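Now for the letters of each chain:
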Amino acid sequence: MKRREFIRNSSFLMPAAWSPDALIKSFFADPWNIKMLTRDTGIFTERGGTILFHISKQGMVVVDSQFPDQAGHLISELKKRGDEPFELLINTHHHGDHSGGNIAFKDLVRRVLAHKNSKANQMKVAKERNLEAGQLYPSQTFENVWSEKIGRERITLHYFGPGHTDGDSLIHLEKSKIVHMGDLMFNRRHPNVDRSAGASVQNWVRVLDRAIRTFHPKTTYVFGHAAEAYPVTGTRQDLEAFKSYLQALLDFTADARAKGMTKEDFLKTTEIPGAGEWKGDGIARPLGAAWDELASGSQAP
Ligand SMILES: [Zn+2]
Ligand SMILES: [Zn+2]
């Protein structure tokens, strides 16, 4: 249950809590939610991709930034929790719901880090949409792996090739056994597949497989997005489930194409066979992307 709902429900369910104060609180509760995963690491959700933050003596580390207003809310919350400087802002990838809030960290954060393709994508999209003035670009990029000790935590970024885009990083907080998957994980929600930024459904399956094999079985994973009523954190079982979904999507698409189905009819599909947990809006996005990917004859790199 979201904090806002909790406050509202509890003030109505428990007459003893009825007071002008409780009532005011229930109407003006913050629109964001903060959940601590460990003593010094937590997630922030409001609008856009899930943000992960880590507080250390050497400085704060933030993964993803949602939009400018949301980043502002996060910054004021973190300032309440400590006066350490903002050491590092990481973008899992370039999409606006993950990097749009970077600008709120201007002159506040020492470094911004992302995969080199993520930076290139961010610059390209900002230029195309005439949004360059509102960007804070990565000051640092990496290609395959990046690792640094910050405070007591070791932070390692991995790039396993294209998936949701061609620039998705996996951010591993090694001591805490937490991995932010960015939009490589849509928990029980149909994913956005950005072919204009080099996405590959076929390689996405391999990326998830590699994550499962790379990280400790007890790892807590942070997801970019989740369906209503599903959590934005989970376990390797959730990665397995999403991997099966993507494989079912590819098999179903290949089968439809082999049977001579038209793309138009294919896009009328309402459920991917074998992936019934994925419901709701947006099924045309992965269907269309998988169709185009197979039609182009491209194979996973
Ligand atoms: Zn997203
Ligand atoms: Zn995205």
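Check the entry above for the structure.
These remarks concern the structure in this document. (Residues numbered from 1 in each chain as written. Chains lettered and ligands numbered in written order. Predicted model: local features only at pLDDT ≥ 70, side-chain atom pairs only at ≥ 80, totals over all residues. Heavy atoms only, no water.)

### Some points on the overall build of the protein
At step 1: Scanning the protein from terminus to terminus reveals 9 helices and 15 strands.
At step 2: Reported as C-alpha extents along the three principal axes, the dimensions of the protein are approximately 65 × 50 × 45 Å.
At step 3: The buried share among the 301 residues of the protein stands at 52%.
At step 4: Taking contacts inside the protein between residues at least 6 apart in sequence as the whole, the part at least 24 apart equals 63%.
At step 5: Working note: accessible area of the protein is about 14400 Å², and carbon and sulfur atoms make up 52% of it.
At step 6: Positive and negative charge centroids in the protein, built from 40 and 36 side chains respectively, lie 4 Å apart. (Helix = DSSP H or I, 4+ residues; strand = E, 2+ residues; numbered from the N terminus. Buried < 20%, exposed > 50% of the residue type's maximum accessible area, 1.4 Å probe, protein only. Contact = heavy atoms within 4.5 Å. Areas by Shrake-Rupley, 256 points an atom, 1.4 Å probe, with all protein chains shown as cover. Lys, Arg positive; Asp, Glu negative; His and termini not counted. Charge placed at Lys NZ, Arg CZ, Asp CG, Glu CD.)

### Things to note about the coordination of the zinc ion (ligand 2)
At step 1: For the zinc ion (ligand 2), the full set of protein donor atoms is H93 (NE2), H95 (ND1), H164 (NE2) and D183 (OD), at a range of 2.1 to 2.2 Å.
At step 2: Metal-centred angles of 90 to 167° between the 4 donor atoms at the zinc ion (ligand 2) mark the site as irregular.
At step 3: All donors to the zinc ion (ligand 2) come from one chain, and their sequence spacing reads H-x1-H-x68-H-x18-D.
At step 4: Between the zinc ion (ligand 2) and the zinc ion (ligand 1), a spacing of 3.5 Å is present, and a bridge between the two is formed by D183. Note that H93 is positioned in the loop between β5 (86–90) and α4 (96–99) and D183 in the loop between β11 (178–180) and β12 (186–187), a separation of 90 residues in sequence. (Donors = N, O, S within 2.8 Å, 3.2 Å for Na, K, Ca; no water. Tetrahedral: all angles 85-135°; square planar, octahedral: opposite > 155°, others 65-115°.)

### Some points on helix α7 (residues 236–258)
At step 1: Under the 1.5 Å per step criterion, the end-to-end length of α7 is 33 Å for 23 residues, consistent within 8% with the ideal 33 Å.
At step 2: Backbone geometry just downstream of α7 places G260 in the positive-phi region, at approximately 80°. (Expected span 1.5 Å × (residues − 1).)

### Details of the coordination of the zinc ion (ligand 1)
At step 1: Looking at the metal site, the zinc ion (ligand 1) is ligated by D97 (OD), H98 (NE2), D183 (OD) and H225 (NE2), spaced 2.0 to 2.2 Å from it.
At step 2: Within one chain, the residues serving as donors to the zinc ion (ligand 1) are arranged as D-H-x84-D-x41-H.

### Digging into the pattern of salt bridges
One side chain can pair with another of opposite charge once the charged atoms of both are near each other.
At step 1: Applying the stated criterion across every chain yields a total of 14 salt bridges.
At step 2: One salt bridge in this structure joins D238 and R188, with 2.8 Å as the shortest N-O distance. In this pair, D238 is assigned in helix α7 and R188 in the loop between β12 and α6 (201–214), connecting sequence segments 50 residues apart.
At step 3: A relative accessible area of 15% places D238 in the buried class.
At step 4: Among the salt bridges present, the one from R188 reaches E277, with a minimum N-O distance of 3.3 Å. Of this pair, R188 sits in the loop between β12 and α6 while E277 sits in the loop between α8 (263–266) and α9 (284–295), and the two are 89 residues apart along the sequence. (Salt bridge = Lys/Arg side-chain N within 4 Å of Asp/Glu carboxyl O.)

### What about the sheet that holds strand β3 (residues 51–56)?
At step 1: Taken in spatial order, the 7 strands line up as β1-β2-β3-β4-β5-β6-β7 in an open sheet, and their pairing is mixed. The open sheet terminates on both sides in strands that have one partner only, identified here as β1 (33–36) and β7 (140–142). In this sheet, adjacent strand axes meet at a mean angle of 20° when their direction is disregarded.
At step 2: Looking at chain direction, β3 and strand β4 (residues 59–63) are connected through 5 bridges and run antiparallel. Bridging across to β4, F53 finds its partner in V62.
At step 3: Against the sheet, helix α3 (residues 68–81) engages β1, β2 (41–45), β3, β4 and β5, with an angle of about 25° to β3.
At step 4: The strands that helix α5 (residues 116–128) touches are β6 (109–115) and β7; relative to β6, the one it contacts most, it runs at about 100°. (Pairing = 2+ DSSP bridges. Axes fitted to C-alpha atoms, helices over the stretch in contact; angles between N-to-C directions.)

### Regarding the environment of E264
At step 1: Here E264 lies in helix α8.
At step 2: Look at E264 and you get exposed, because its relative accessible area is 61%.

### Notes on the packing of aromatic side chains
At step 1: Following the criterion strictly, the structure yields 8 aromatic pairs and no others.
At step 2: The interplanar angle of 25° and the centroid separation of 5.9 Å between the aromatic rings of F242 and W278 together place this pair among those described as stacked. Remark: W278 occurs in the loop between α8 and α9 and F242 occurs in helix α7; sequence separation between them is 36 residues.
At step 3: Overall, F242 belongs to the buried group, its relative accessible area being 0%.
At step 4: Taken together, a centroid distance of 5.4 Å and an interplanar angle of 35° make the contact between F252 and F266 tilted. Placement of the pair is F252 in helix α7 and F266 in helix α8, with a sequence separation of 14 residues.
At step 5: An aromatic cluster of three or more residues is present, and its members are W204, F242, Y245 and W278. (Phe/Tyr/Trp six-rings, centres within 6.5 Å; stacked < 30°, edge-to-face > 60°.)

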